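# A closer look at the structure
The residues making up each chain are set out below.
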Amino acid sequence: MGTKPRTPQAGHRSKSQAPGTDELRRQIAAHAARIMAEEGVRDFHAAKRKAAARLGLPETKHLPGNDEVDSALQEYLRLFHGRRVTQGLRRLRGLAAEAMRFLAKFEPRLVGPVLSGTVTSASAIELHLTADSPEEIGFWLQDHSIPYEQADRRLRFGGDRHETFPAYLFTADGVAVELCVFDRREARETPLSPVDGKPMKRANLREVENLVNGSGEP
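All of the points below concern the structure found in this document.

Conventions used here
- Residues numbered from 1 in each chain as written.
- Predicted model: local features only at pLDDT ≥ 70, side-chain atom pairs only at ≥ 80, totals over all residues.
- Heavy atoms only, no water.
- Helix = DSSP H or I, 4+ residues; strand = E, 2+ residues; numbered from the N terminus.
- Buried < 20%, exposed > 50% of the residue type's maximum accessible area, 1.4 Å probe, protein only.
- Polar contact = N/O pair within 3.5 Å; in protein donor to acceptor, adjacent residues only side chain to side chain.
- Core = buried A, V, L, I, M, F, W, Y, C linked by side-chain atoms within 4.5 Å.
- Contact = heavy atoms within 4.5 Å.
- Pairing = 2+ DSSP bridges.
- Axes fitted to C-alpha atoms, helices over the stretch in contact; angles between N-to-C directions.

## Some thoughts on the environment of D132
For D132, the location among the structural elements is in the loop between β2 (125–130) and α6 (135–143). D132 gets classed as exposed once you look at its relative accessible area, which sits at 57%. Separated by 52 residues in the primary sequence, D132 and R184 place their C-alpha atoms 6.5 Å from one another. At a separation of 3.2 Å, a polar atom in the side chain of D132 contacts the side chain of R184.

See the structure below:
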């Protein structure tokens, strides 16, 4: 008579799925969300590293995905800052529409938290512009007496390809505005979202005005 195959005990998991791993990921995601909401940290990876350190965990183990942190951030903002977020989002989208009208010749597209709706007190208005050369943006800002700083933004594309783009940073009505500049060829390819790795959502002026008027979805 053959030996009966051994049935795994209920709840048995492999080492990589050891009990507690999912809970640690949730804890780190929740702490990272709180750090982003209350301390003005905008970078997901930096927030996760801070959260892991405060929990006394290795920075490279049990880290949640950016999408998990973003979901936790949405929940945190809904629970603790619901009214403020609603009011702040309406104001930020209104300012974004104004900035897009001002920069209309550069075919602006709104991206990031102001489009998705997951905004904190540190959220910037992020616009993608198209120009024959980055200097056009600098000259346009100078002509309108707008002080700015220059920076670089590293974006990811399909095939895990990364490229660096010039950016211009300035402040409008106390809100940070970031202009990332693409040339005509580059503008045809949509970067990937740092949240879920899918093609980044980008909205034109008409779509943003619909959001401001409450007649559209991001």
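## Re the nonpolar core
Among the nonpolar cores identified, the biggest contains 47 residues, and L110, I125, L127, L129, I137 and L179 are the most heavily contacted of them. Ranked by residue count, the leading element in this core is helix α4 (residues 82–102), at eight residues. The contacts of L129, once residues within four sequence positions are left out, are L103, F106, P108, I137, L179, C180, V181 and F182. Listed in part, the five residues of the second largest apolar core include L155, F165, C180 and F182.

## Things to note about the sheet that holds strand β1 (residues 109–111)
Reading across the sheet, the five strands line up as β1-β2-β5-β4-β3 and stay open at both edges, with mixed pairing between neighbours. The outermost strands of the open sheet, each flanked by one partner alone, are β1 and β3 (149–157). Averaged over all neighbouring strand pairs, the angle between strand axes comes to 35°, with direction disregarded. With nine bridges connecting them, β3 and strand β4 (residues 161–172) associate as antiparallel partners. Following the sheet pairing, R156 is matched in β4 by H162. Along the sheet, α4 contacts β1, β2, β4 and β5 (175–182); its crossing angle with β2, the most-contacted strand, is approximately 20°.

## A look at the environment of I146
The topology assignment puts I146 in the loop between α6 and β3. Remark: the alpha-carbon pair of I146 and A172, spanning 26 residues in sequence, is separated by 9.2 Å. Leaving out residues up to four positions away in the same chain, I146 has contacts with F102, L141 and F170.

## Considering the pairing of β5
Across the eight residues that make up β5, a large majority, seven, are buried. Sheet topology places β2 next to β5; six bridges connect them, and they run parallel. Bridge pairing in β5 links L129 to V181. As defined by bridge partners, β4 adjoins β5 across six bridges and the pair is classed as antiparallel. Across the sheet, A172 pairs through a bridge with V175, a residue of β5. Remark: two residues form the turn of the hairpin made by β4 and β5, two consecutive strands paired antiparallel; D173 in that turn has positive phi of roughly 55°.

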